[in-house]
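In case you want the letters, here they are:
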Amino acid sequence: MKSSLGKNISRYRKLKNITQEELATQLNITFQAVSKWETNQTYPDITLLPHLASILEVSIDRLMGYTSHQEQKRTIYEDEYAQDGYYWGLAPSKMCYKILSLLPPTKLLKLLDIGCGEGKDAVFFARNGYQVTAFDIADAGIEKTKRLADKIGVHVNVFKADVLDFRLESNYDILYSNGVLHYMKPELRQEIFFNYQQHTSPHGIHVLSAFVTKPFIPPAPEHEPNGHNWLSGELFSLYSNWLIKECDEVIFDCNSSGIAHKHAMNIIVAEKP
């Protein structure tokens, strides 16, 4: 927990638009002390944690690097995933085949599925020879991923995590995410993607999609309270130093909620130099 404390202080301080000097003044300490916290050179005195958490408007649990049961957000898909059958079906996304063609598993390749849902794509990757790690915030989705992997006879290292809080600490060859990135708050995207890119192996690839806002497409009927659509081209701008192999914007029909509607989506395939 201590190793993530400094990162969390920095993350939530920036989210509140508070400088190190301003935080130090409110805590009656030096800004050098705050700087040392954020670089994990030292740690706050335990007596300061309540005041620190209050200033940053987070719980001490979250500040320390984990989310209590009461804090955990409930995805709108939790109940859907708890039903029989697979909400999104079992056919892998077309994006999966881009990875197979660009970076086939002719050697051990580590792949991370960000927001795996019920696990259909994660299991597809494992079935094709990738070493797959996956996470999602929905408990029912995680359980379905495990059951599907067991049924197919493959291993997927799947766990529960919130895309807002989870950060990589080891490298991956491939990062994959389809229809999940809108859960990232706009003010956290640069920091999260810097982490993702820093922990991608040389010549590794990212294959990602993000819902984007278009004035001529009405909002989706699901009304997701934690969703924040991207701006058109915003995802592409985060990869200016990478080799962009593909960037596309598509509009497609959807009936996931039982109500016909449309989505606009940006898709990027990028390789780390």
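Residues numbered from 1 in each chain as written. Predicted model: local features only at pLDDT ≥ 70, side-chain atom pairs only at ≥ 80, totals over all residues. Heavy atoms only, no water.

Asker: So what's going on with the pattern of salt bridges? Residues and values would help.
Answerer: Evaluated as defined, the whole model comprises twelve salt bridges. For Lys-16, the salt bridge is made with Glu-57, and the minimal N-O distance between the two is 3.0 Å. One end of the pair, Lys-16, is in the loop between α1 (2–15) and α2 (20–27); the other, Glu-57, is in the loop between α4 (49–56) and α5 (60–64), with 41 residues separating them in the sequence. The class for Lys-16 is partly exposed, based on a relative accessible area of 32%. Among the salt bridges present, the one from Lys-144 reaches Glu-118, with a minimum N-O distance of 3.0 Å. One end of the pair, Lys-144, is in helix α9 (residues 139–152); the other, Glu-118, is in the loop between β1 (110–114) and α8 (120–127), with 26 residues separating them in the sequence. Like Glu-118, Lys-144 is buried. (Salt bridge = Lys/Arg side-chain N within 4 Å of Asp/Glu carboxyl O. Helix = DSSP H or I, 4+ residues; strand = E, 2+ residues; numbered from the N terminus. Buried < 20%, exposed > 50% of the residue type's maximum accessible area, 1.4 Å probe, protein only.)

Asker: I'd like a description of unusual backbone geometry, backed by residues and values.
Answerer: Peptide bonds are trans in most cases, and residues, glycine excluded, mostly fall at negative phi. Even without a glycine there, the phi angle at Asn-40 is positive, about 60°. Its location among the elements puts Asn-40 in the loop between α3 (31–38) and α4. Using a relative accessible area of 26% as the deciding quantity, one classes Asn-40 as partly exposed. Here the phi dihedral of Glu-57 falls at roughly 60°; this positive angle occurs in a residue that is not glycine.

Asker: Could you give an account of the nonpolar core, naming the residues involved and the relevant values?
Answerer: Among the nonpolar cores identified, the biggest contains 29 residues, and Leu-181, Met-184, Phe-193, Tyr-196, Trp-230, Leu-235 and Tyr-239 are the most heavily contacted of them. Only β1, β4 (172–177), α10 (189–198), β5 (200–211), α11 (234–237) and β7 (261–271) provide two or more residues apiece to this core. Once you skip the residues sitting within four places of it in the chain, Met-184 turns out to touch Val-163, Leu-164, Arg-189, Ile-192, Phe-193, Tyr-196, His-228 and Trp-230. In terms of nonpolar packing, the next biggest core, distinct from the first, is built from 26 residues, Ile-99, Leu-111, Cys-116 and Ala-122 among them. (Core = buried A, V, L, I, M, F, W, Y, C linked by side-chain atoms within 4.5 Å. Contact = heavy atoms within 4.5 Å.)

Asker: Help me get a handle on the packing of α2 against α3, residues and values and all.
Answerer: Packing of α2 against α3 leaves a shortest axis separation of 8 Å and a crossing angle of 115°. Classified by the angle between their axes, α2 and α3 sit roughly perpendicular to one another. Seen along the crossing, α2 lies across α3 with a hand that is right-handed. Here Gln-20, Glu-21, Leu-23, Ala-24 and Leu-27 of α2 lie close against α3, whose contacting residues are Phe-31, Val-34, Ser-35, Trp-37 and Glu-38. Across the contact of α2 with α3, the residue classes tally to six nonpolar, two polar and two charged. (Axes fitted to C-alpha atoms, helices over the stretch in contact; angles between N-to-C directions. Parallel < 35°, antiparallel > 145°, perpendicular 65-115°, else oblique. Left-handed = near helix turned anticlockwise from the far one by under 90°. Nonpolar A, V, L, I, M, F, W, Y, C, P; charged D, E, K, R; others polar.)

Asker: Hey, could you go over α3 for me, with residue numbers and the actual values?
Answerer: For α3, the full list of buried residues reads Val-34, Trp-37 and Glu-38. What you see down the axis of α3 is that its buried residues fit within an arc of 95°, all on one side. Asn-40 sits one or two residues past α3 and shows a positive phi near 60°. (Arc of directions from axis to C-beta.)

Asker: Explain the confidence of the model for the protein chain residue by residue, including any values.
Answerer: Residues at a pLDDT of 70 or more form 95% of the protein chain, whose mean pLDDT is 90. Taken as a whole, residues 68–72 scores under 50 in pLDDT and shows six contacts with residues more than four places along the chain or in a different chain. (pLDDT = per-residue confidence, 0-100.)

Asker: I'd like a description of the side chain of Arg-189, backed by residues and values.
Answerer: By secondary structure assignment, the location of Arg-189 is in helix α10. Taking relative accessible area as the criterion, Arg-189 reaches 2% and is therefore assigned buried. Once residues lying within four places of it in the same chain are set aside, the contact partners of Arg-189 are Leu-181, His-182, Met-184, His-228, Asn-229, Trp-230 and Glu-234.

Asker: Describe the sheet that holds strand β6 (residues 243–254), with residues and values.
Answerer: Ordered by their spatial adjacency, seven strands build an open sheet running β3-β2-β1-β4-β5-β7-β6, and the pairing between neighbours is mixed. Here the strands that pair on one side only, and so sit at the sheet edges, are β3 (156–160) and β6. The mean angle between the axes of side-by-side strands here comes to 15°, regardless of whether they run parallel or antiparallel. One ladder, built from eleven bridges, connects β6 with β7; its direction is antiparallel. Pairing of Glu-249 across the sheet is with Asn-266, part of β7. Most of the contacts of α9 go to β3, to which it runs at about 165°, and overall it touches β2 (131–136) and β3. Relative to the sheet, α10 contacts β1, β4 and β5, its axis offset from that of β5 by approximately 145°. (Pairing = 2+ DSSP bridges.)

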